[in-house]
Amino acid sequence: MKTIITFGTFDVFHIGHLNILRRARALGDRLVVGISSDELNLQKKARLPVYLQNERMHIIESLRCVDEVFLEESLELKADYIRRFNAQTLVMGDDWKGRFDHLSPLCEIVYLARTPTISTTSIIETIRQN
């Protein structure tokens, strides 16, 4: 059984999120998703997510393409998460290209192209302006 692991905030869920999760799942038999904690998101993006971490986890675990979710509490723990879930492949969006290549001794690293013209940040900004 080939396990794929990916990570993200998955705030204000949109088609880009669904696309990358479906594409990640197609690479293996099982998809495990690490949801960035509220605190981690604050560190990464200097803002809290719109939806709380438990709500985001519930949304993602409800998808047919996702087999398991867990709370990601630190970017530095990616290797531990890969080992914990015995993942053979790490999938990330291409906006992270190269950032996780150092994990290649543990598993295959795949960077998938993001869905063009959509991002959570732009959606949030549009909502704020309106």
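Please refer to the structure higher up on the page.
Notes on the structure follow. Computed from a prediction, not measured in an experiment: that's the story for all the values here.

What counts and how
Position numbers for residues count from 1 along each chain, tracking the sequence in the order it is written. Local features in this predicted model are restricted to residues of pLDDT 70 or higher, and side-chain atom pairs are both shown and tallied only at a pLDDT of 80 or more, whereas totals for entire chains, interfaces and linings draw on every residue. Hydrogens are left out, water is left out, and the side-chain values use all remaining heavy atoms of the structure. Numbering of helices and strands runs from the N terminus, with a helix taken as a DSSP run of H or I at least four residues long and a strand as a DSSP run of E at least two residues long. Put simply, the radius of gyration uses C-alpha atoms, and a globule should come to 2.2 Å times the residue count raised to 0.38. Partly exposed residues are those whose accessible area sits between 20% and 50% of the maximum for their type, while under 20% is buried and over 50% is exposed, using a 1.4 Å probe and protein chains only. Whether two residues touch is decided by their heavy atoms; if any such pair falls within 4.5 Å, the residues are in contact. Here the accessible surface of atoms and residues is derived via Shrake-Rupley with a 1.4 Å probe, and residues count as covered only by protein chains that are part of the display. Only strands joined by at least two bridges in the DSSP assignment are considered to pair. Each axis is a line fitted through C-alpha atoms, and for a helix only the stretch in contact is used; angles between axes span 0 to 180 degrees, taken between their N-to-C directions. The arc in question is the one spanned by the directions pointing from the helix axis to the C-beta atoms. Polar contacts here mean pairs of N or O atoms no more than 3.5 Å apart (in protein, one a potential hydrogen donor and the other a potential acceptor; neighbouring residues in sequence count only if both atoms are side-chain atoms). Here a Phe, Tyr or Trp ring, Trp counted by its six-membered ring, pairs with any other such ring whose centre lies within 6.5 Å, and the pair is stacked when the planes are under 30 degrees apart, edge-to-face when over 60, and tilted otherwise.

### Digging into the overall build of the chain
The secondary structure content of the chain amounts to 5 helices and 5 strands. The order of α-helices and β-strands along the chain, N terminus first, is β-α-β-α-α-β-α-β-β-α. Taken against the 2.2 N^0.38 rule, which gives 14 Å for 130 residues, the C-alpha radius of gyration of the chain at 14 Å falls within 12% of a compact globule. Dimensions of the chain, computed from the C-alpha atoms along their principal axes, are close to 45 × 25 × 25 Å. Looking at the 130 residues of the chain, the share that counts as buried comes to 50%. The contacts in the chain between residues at least 6 apart in sequence include a share of 63% that link residues at least 24 apart. In the structure as shown, the chain presents an accessible area of about 7,200 Å², 51% of it carried by carbon and sulfur atoms.

### As for the sheet that holds strand β3 (residues 68-72)
Backbone hydrogen bonds hold the strands of a sheet together, and the pairing may be parallel or antiparallel. Ordered in space as β3-β2-β1-β4-β5, the 5 strands form an open sheet in which the pairing is parallel. Two strands bound the open sheet, and with one partner strand each, they are β3 and β5 (108-112). Each strand axis lies, on average, 25° off the axis of its neighbour in the sheet, ignoring direction. Where strand β1 (residues 3-8) lies against strand β2 (residues 30-36), 6 bridges are found, and the strand directions are parallel. Directly across from Ile-4, in β2, lies its bridge partner Leu-31.

### As for helix α2 (residues 38-45)
Turning to α2, its buried residues number three or more, namely Asp-38, Leu-40 and Asn-41. Down the axis of α2, the buried side of the element spans an arc of 155°, and every buried residue falls inside it. Of the surrounding secondary structure, the elements contacted by the buried residues of α2 are β2, α3 (53-61) and β3. Positive backbone phi, at 60°, marks Ala-46, one or two positions downstream of α2.

### Some details on the environment of Glu-72
Tracing the backbone shows Glu-72 in strand β3. It is 9.8 Å that separates the C-alpha atoms of Glu-72 and Asn-41, two residues lying 31 residues apart in sequence. Sequence-distant contacts of Glu-72, defined by excluding residues within four places in its chain, comprise Phe-7, Gly-34, Ile-35, Ser-36, Ser-37, Leu-40, Lys-78 and Tyr-81. Looking at Glu-72, its side chain comes within polar contact range of the side chain of Lys-78, at 2.4 Å.

### Notes on the pairing of β1
Most of β1 sits inside the fold, with 6 of its 6 residues counted as buried. Alternating residues of β1 divide into Thr-3, Ile-5 and Phe-7 and Ile-4, Thr-6 and Gly-8, and every residue in both groups is buried.

### Section: the environment of Leu-40
Along the chain, the position of Leu-40 falls in helix α2. In this structure the C-alpha to C-alpha distance between Leu-40 and Glu-73, which are 33 residues apart in sequence, comes to 5.9 Å.

### Quick look at the packing of aromatic side chains
A complete count under the given rule lists 5 aromatic pairs for this structure. Between Phe-7 and Phe-70, the ring centres sit 5.9 Å apart and the planes meet at 90°, which makes this aromatic pair edge-to-face. Of the two residues, Phe-7 sits in strand β1 while Phe-70 sits in strand β3, which places them 63 residues apart along the sequence. Each member of the pair, Phe-7 together with Phe-70, is buried. Between the aromatic rings of Phe-7 and Tyr-81, the centroid separation amounts to 5.8 Å while the plane-to-plane angle is 45°, which identifies the pairing as tilted. Of this pair, Phe-7 sits in strand β1 while Tyr-81 sits in helix α4 (residues 78-84), and the two are 74 residues apart along the sequence. According to the relative accessible area criterion, Phe-7 is buried, its value standing at 7%.

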